[in-house]
Amino acid sequence: MTYVVKPWIGGKAVDGKGGTVDIDNPATGEVIGTLELVSPEQVEEAIELADKAQKEWRNKSIPKRQEVMYKFRQLVMEDIDNMAQLSVDEHGKTLSDARGEIQRGLETVEYACNIGANSKGQYSYNVGTNVDLKVIRQPLGVVAGIVPFNFPAMVPMWMFPLALATGNAIVLKPANAVPSAAFDMAKKLKEAGLPDGLFSLLPGDNQITNVIIDNPAVQGVSFVGSTKVAKLVQKRAIEAGKRVQALGGANNHAMVMPDADQEFVAKWLAAAAFGAAGERCMALSVAVAVGEAGEGLAEAVKKQAGQIAIPGQGNDEKAGFGPVISKAAQERIISWIDEAEKLGAKVILDGRKHKVEGYEGGYWLGPTILEDVPLEAKAYCEEVFGPVLLIQHRDSFDEAIELMNRQTVGNGSAIFTNDGGVARRFEHEIEAGMVGINVPIPTPVAYHSFGGWKDSLNGEHHIHGPEGVEFYTRAKAITSRWPSEDEVHDATLSFEKED
């Protein structure tokens, strides 16, 4: 039995007029649903409704906006298992991973619940004689969010709670492969009391992305996805005069120093590389072992992989992770492993032929460990986005940091060491936006902002946290004087002449 997911416009589900696409279950390869896509005309309608609704919403008091966020948070918490199952079915996540994703998304909702404190302006008294200056933050208007497949609930929650809490309307383009989580959140927002028109779901193809960006009412565009597409989104948004934050891809490295405990390192390398099937921009793709740290490291990680990273169907509580998102992704990852092996890489653990009994049609890959991969191999120089860990060897800290900093992306980087001086030098010299010291996936909590350097971030602002508030608002500086009656008759016209 299959189901149908429709666009959400004007506070309700509507028939899509832009065709349909199938929704697969990656664990089985079977079609489980149909997604109706929007037409360009429906995009224009949704944005027109958003623009109208936002003009009223921006004047709502902060407590009224917070109230919606509080109610939404409660609705999600009460229904978290059912929400998680949506991602299990459409994405292939394990149930525990899907629950964890929602919990991380709720951190941003909680930050939005406290938007009064998190969006305060500034005030300076008596900047001139009887002259005060204040800076307030006001919403942009209508903003757009374009989200990837790998976190169907969390990444949308990185966007719309802050956009709405700061007084904006938002149109969201979900990933076509995993639309149900976003649709479920749309229904919960309505139940929480969000006025119609402020939140729309506009599933569609690349043409729809362009229609959204080009609409003159859209003032800001937030994007998370591949670096290639992030650059295209940034370029088009800038040309259309929009504010843009476009988070791209990654190729995260971790340096392993000889003084680090090998068992501890192996445990966390396996978890960071193979968890979530490697389909996260903070996945650890490459371990760079310095000197003696490389002796036996690959075998130690292989042992850990056998214990904690057993791929299986999402509702199997023993499963460490699920399948990759599609047949195309599975075939691409296998081809990159094949290429690396042909170029001379050692295959320490091979997951290319992994199958799950009863789910032979699924898009499965087992944990894979490659050692000494040539730097020209795609598995090294591109973002694999699969359960693959590469182990490279360098003789010194300097050689390792040079290898890591040559990357054109700079999302997250980590070091394993017990030497505080080495760790301090690493955090100073590494060219990445998020750094872990004995923490392999250094994702900031929601009251800090998330984002990388170099081609991992296209635009000025990182996502969520303080920079998220800044992105969805504009600063306005107001200089004021309220003269007494005497001052009105003896006004000093030149600011420069004042005391």
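What you see is a predicted model, and the numbers here were worked out from it, not measured in a lab.

What counts and what doesn't
- Residues numbered from 1 in each chain as written.
- Predicted model: local features only at pLDDT ≥ 70, side-chain atom pairs only at ≥ 80, totals over all residues.
- Heavy atoms only, no water.
- Patch = residues over 30% accessible without salt bridge, like charges linked within 9 Å, V, L, I, M, F, W, Y side chains within 5 Å.
- Areas by Shrake-Rupley, 256 points an atom, 1.4 Å probe, with all protein chains shown as cover.
- Salt bridge = Lys/Arg side-chain N within 4 Å of Asp/Glu carboxyl O.
- Lys, Arg positive; Asp, Glu negative; His and termini not counted.
- Charge placed at Lys NZ, Arg CZ, Asp CG, Glu CD.
- Helix = DSSP H or I, 4+ residues; strand = E, 2+ residues; numbered from the N terminus.
- Phe/Tyr/Trp six-rings, centres within 6.5 Å; stacked < 30°, edge-to-face > 60°.
- Buried < 20%, exposed > 50% of the residue type's maximum accessible area, 1.4 Å probe, protein only.
- Lys NZ or Arg CZ within 6 Å of the ring centre and 35° of its normal.
- Core = buried A, V, L, I, M, F, W, Y, C linked by side-chain atoms within 4.5 Å.
- Domains from an automatic or database assignment.
- Contact = heavy atoms within 4.5 Å.
- Pairing = 2+ DSSP bridges.
- Axes fitted to C-alpha atoms, helices over the stretch in contact; angles between N-to-C directions.
- Expected span 1.5 Å × (residues − 1).
- Parallel < 35°, antiparallel > 145°, perpendicular 65-115°, else oblique.
- Left-handed = near helix turned anticlockwise from the far one by under 90°.
- Nonpolar A, V, L, I, M, F, W, Y, C, P; charged D, E, K, R; others polar.
- Buried area = accessible area lost by both parts, 1.4 Å probe.
- Polar contact = N/O pair within 3.5 Å; in protein donor to acceptor, adjacent residues only side chain to side chain.

Draft legend 1. Spotlight on a negative patch on the surface. Residues Glu41, Glu44, Glu45 and Glu48 make up a contiguous surface patch of negative charge. Residue position: Glu45 is located in helix α1 (residues 40–57).

Draft legend 2. Structural detail: the packing of aromatic side chains. In total, this model carries eight aromatic pairs according to the counting rule given. Relative to Phe160, the ring of Phe72 lies with its centre 5.6 Å away and its plane at 80°, an arrangement referred to as edge-to-face. Pair noted here: Phe72 is in helix α2 (residues 62–78) and Phe160 is in helix α6 (residues 154–165), with a separation of 88 residues, a long-range link. The same class applies to Phe72 as to Phe160, namely buried. An aromatic cluster is defined as three or more aromatic residues linked by ring pairs; in this entry it consists of Phe72, Phe160 and Phe199. Positioned over the ring face of Trp336 is Arg332, at 4.7 Å from the centre of the ring.

Draft legend 3. Focus on the nonpolar core. By size, the foremost hydrophobic cluster in this structure holds 90 residues, and its most contacted members are Phe72, Ile102, Met157, Met159, Phe160, Leu164 and Phe199. Among the elements that make up this core, the one with the highest residue count is α6 (10 residues). A domain-level breakdown of this core finds at least three residues from each of domain 1 (3–247 + 464–478) and domain 2 (252–437). Discounting chain neighbours no more than four positions away, the residues touching Phe160 are Phe72, Ile170, Met185, Leu189 and Phe199.

Draft legend 4. Focus on the sheet that holds strand β14 (residues 284–290). Taken in spatial order, the seven strands line up as β15-β16-β17-β14-β13-β19-β20 in an open sheet, and their pairing is mixed. Since the sheet does not close on itself, it has two edges, and those belong to β15 (346–349) and β20 (434–437), each with one partner. The average angle at which neighbouring strand axes cross in this sheet is 20°, direction not considered. Each of β13 (252–256), β19 (412–416) and β20 touches helix α15 (residues 420–429); the most contacted strand, β20, lies at about 170° to it.

Draft legend 5. Spotlight on α6. When the terminal C-alpha atoms of α6 are compared, their 17 Å separation across 12 residues agrees well with the 16 Å that a helix rising 1.5 Å per residue should span. With 12 of 12 residues buried, α6 is to be regarded as a mostly interior element. Looking one or two places after α6, you find Gly167, whose phi comes out positive at around 100°.

Draft legend 6. How the structure looks around the pattern of salt bridges. Going through the model one piece at a time under the given rule, you end up with 22 salt bridges. Of the charged contacts, one joins Arg73 and Glu110 as a salt bridge, the two residues approaching to 3.0 Å between their closest N and O atoms. A residue pair is termed long-range when its members are at least 10 positions apart, and Arg73 in helix α2 and Glu110 in helix α4 (residues 95–113) qualify at 37 residues. Since its relative accessible area comes to 24%, Arg73 is described here as partly exposed. Taking the shortest distance from any N to any O, the salt bridge between Asp214 and Arg236 comes out at 2.7 Å. On the criterion of sequence distance, the pair formed by Asp214 in helix α8 (residues 206–214) and Arg236 in helix α9 (residues 227–239) is long-range, its members being 22 residues apart. Residue Asp214 is classed as partly exposed on the basis of its relative accessible area of 37%. Through salt bridges that share partners, Asp338, Glu341, Asp350 and Arg352 make up one connected network.

Draft legend 7. Structural detail: the pairing of β20. Covered by surrounding structure in β20 are Met434 and Gly436 only, the residues Val435 and Ile437 on the alternate face being uncovered. Direction of pairing for β19 relative to β20: parallel, over a ladder of four bridges. By the bridge assignment for β20, Gly412 is matched with Met434.

Draft legend 8. Looking closely at unusual backbone geometry. Even without being a glycine, Asn126 presents a positive backbone phi close to 60°. Even without glycine at this site, Asn438 takes up a positive phi of about 60°. Assignment of secondary structure puts Asn438 in the loop between β20 and β21 (453–454). On the basis of relative accessibility, which here comes to 26%, the residue Asn438 falls in the partly exposed class.

Draft legend 9. Structural detail: the packing of helix α3 (residues 80–91) against helix α7 (residues 180–191). Between α3 and α7, whose axes approach to 9 Å, the crossing angle comes to 160°. Classified by the interaxial angle, the pair formed by α3 and α7 is roughly antiparallel. In terms of crossing hand, the pair formed by α3 and α7 is right-handed. For the pair α3 and α7, the contacting residues are Met83, Leu86, Ser87 and Glu90 in the first and Ser180, Ala181, Asp184, Met185 and Lys188 in the second. A per-class count over the contact of α3 with α7 returns four nonpolar, two polar and three charged.

Draft legend 10. Seen up close, the domain arrangement of the chain. Domain annotation for the chain reports domain 1 (3–247 + 464–478) and domain 2 (252–437). Each partner contributes to the interface: domain 1 provides 20 residues, whereas domain 2 provides 21 residues. Between domain 1 and domain 2 lies a buried interface of about 1,500 Å² when both sides are counted; carbon and sulfur atoms form 61% of it. Contact with domain 2 buries surface across domain 1, with Pro26, Ala27 and Thr94 losing the most and accounting together for 31% of the total. Summed over the shared surface of domain 1 and domain 2, the number is six residue pairs in polar contact (both at pLDDT 80 or more). Of all the secondary structure elements, the ones that give two or more residues to the side of domain 1 that touches domain 2 are α3 and α4.

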